[in-house]
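# Notes for the structure review
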Amino acid sequence: NAGVTQTPKFQVLKTGQSMTLQCAQDMNHEYMSWYRQDPGMGLRLIHYSVGAGITDQGEVPNGYNVSRSTTEDFPLRLLSAAPSQTSVYFCASSYTRAGARGEKLFFGSGTQLSVL
Amino acid sequence: GENVEQHPSTLSVQEGDSAVIKCTYSDSASNYFPWYKQELGKRPQLIIDIRSNVGEKKDQRIAVTLNKTAKHFSLHITETQPEDSAVYFCAASGSNYQLIWGAGTKLIIKP
């Protein structure tokens, strides 16, 4: 099992560019999510999905889109990058919504994104 | 709204001493409280968790205590070692079964 695979590891964008962060898991997890991590602010939920075809907004969804066409994949799209989106992004998955039954969250290795 | 406050933001302890990190949550309905450890440049990983029907849980050198009345929970690390240096995040289950995260504590182990 590869677990949660996240690409790319590093990315530099210019303001206004778009890009997609890829996330895939091979554990048949229902729940997948995207977080951003900024210094002193912990982990903030961007979007999440509880199954194929189902997505919902988290705490900081503006400027990001997601889709869940398969159980395995959950890409995050930046529509028009802004300097405020400079951050470290983590994809995470679990069997159910982490918290519902105390499910462990499995994190990807992270993407360090810089928007100039 | 729902929030989790975590203190301190930075904690420096001598190797071999104990470390305690505290979190306070606002939602009285929260019933699941995990702790994640993130080493420098790595992904967060679950190290211990506790549910609301338990007051304390131990796993070797780490323990978590929960006070539901006061709505706070704490991580205790005894006999600290260099490999304990990391950022530690607490979280509490919130509405719609999402996790609400604390801001993190950077633990520094001095040799």
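Preceding this paragraph is the structure being described.
Residues numbered from 1 in each chain as written. Chains lettered and ligands numbered in written order. Predicted model: local features only at pLDDT ≥ 70, side-chain atom pairs only at ≥ 80, totals over all residues. Heavy atoms only, no water.

Our focus in this paragraph is the overall build of chain B. A tally of regular secondary structure across chain B gives 0 helices and 11 strands. Helices and strands in chain B line up, N terminus first, as β-β-β-β-β-β-β-β-β-β-β. Principal-axis analysis of the C-alpha atoms places the extent of chain B at approximately 40 × 25 × 20 Å. In chain B, which comprises 111 residues, the share counted as buried stands at 42%. Considering only intrachain contacts with a sequence separation of at least 6, the fraction spanning at least 24 residues in chain B is 52%. Within the structure as shown, chain B displays about 5600 Å² of accessible surface, and the carbon and sulfur contribution to it stands at 48%. Charge centroids of chain B, computed over 12 positive and 12 negative side chains, lie 3 Å from each other. (Helix = DSSP H or I, 4+ residues; strand = E, 2+ residues; numbered from the N terminus. Buried < 20%, exposed > 50% of the residue type's maximum accessible area, 1.4 Å probe, protein only. Contact = heavy atoms within 4.5 Å. Areas by Shrake-Rupley, 256 points an atom, 1.4 Å probe, with all protein chains shown as cover. Lys, Arg positive; Asp, Glu negative; His and termini not counted. Charge placed at Lys NZ, Arg CZ, Asp CG, Glu CD.)

Quick look at the sheet that holds strand β8 (residues 76–78) of chain A now. Residue and element names in this part refer to chain A. In space, the 4 strands of this open sheet follow the order β1-β3-β8-β7, with antiparallel pairing throughout. With partners counted over all chains shown, the strands left at the sheet margins are β1 (4–7) and β7 (64–66), one partner each. With direction set aside, neighbouring strand axes in the sheet form an average angle of 20°. Bridging between β1 and strand β3 (residues 19–25) involves 4 bridges; their strand directions are antiparallel. Among the inter-strand pairings, Gln-6 is bridged to a residue of β3, identified as Cys-23. (Pairing = 2+ DSSP bridges. Axes fitted to C-alpha atoms, helices over the stretch in contact; angles between N-to-C directions.)

Okay, the nonpolar core next. Counting 24 residues, the largest nonpolar core has Trp35(B), Phe73(B) and Leu107(B) as the members making the most contacts within it. Once you skip the residues sitting within four places of it in the chain, Phe73(B) turns out to touch Ile21(B), Lys22(B), Cys23(B), Tyr25(B), Phe33(B), Trp35(B), Thr65(B), Leu66(B), Cys90(B) and Ala91(B). The next biggest cluster of nonpolar side chains, apart from the first, holds 20 residues, and it includes Ile46(A), Phe74(A), Leu76(A) and Ala81(A). (Core = buried A, V, L, I, M, F, W, Y, C linked by side-chain atoms within 4.5 Å.)

Contacts between the two partners involve 19 residues from chain B, matched on the other side by 23 residues from chain A. When the two sides are added together, the surface that chain B and chain A hide from each other amounts to roughly 1700 Å², 53% of it contributed by carbon and sulfur. Remark: the boundary between chain B and chain A carries 0 salt bridges. Inspection of the region where chain B meets chain A yields 5 residue pairs in polar contact (both at pLDDT 80 or more). Elements supplying a minimum of two residues to the side of chain B that touches chain A: β4 (32–38), β5 (45–51), β9 (86–93) and β10 (99–101) of chain B. Of the residues contributing to the side of chain B that touches chain A, the split by class is 9 nonpolar, 6 polar and 4 charged. (Buried area = accessible area lost by both parts, 1.4 Å probe. Salt bridge = Lys/Arg side-chain N within 4 Å of Asp/Glu carboxyl O. Polar contact = N/O pair within 3.5 Å; in protein donor to acceptor, adjacent residues only side chain to side chain. Nonpolar A, V, L, I, M, F, W, Y, C, P; charged D, E, K, R; others polar.)

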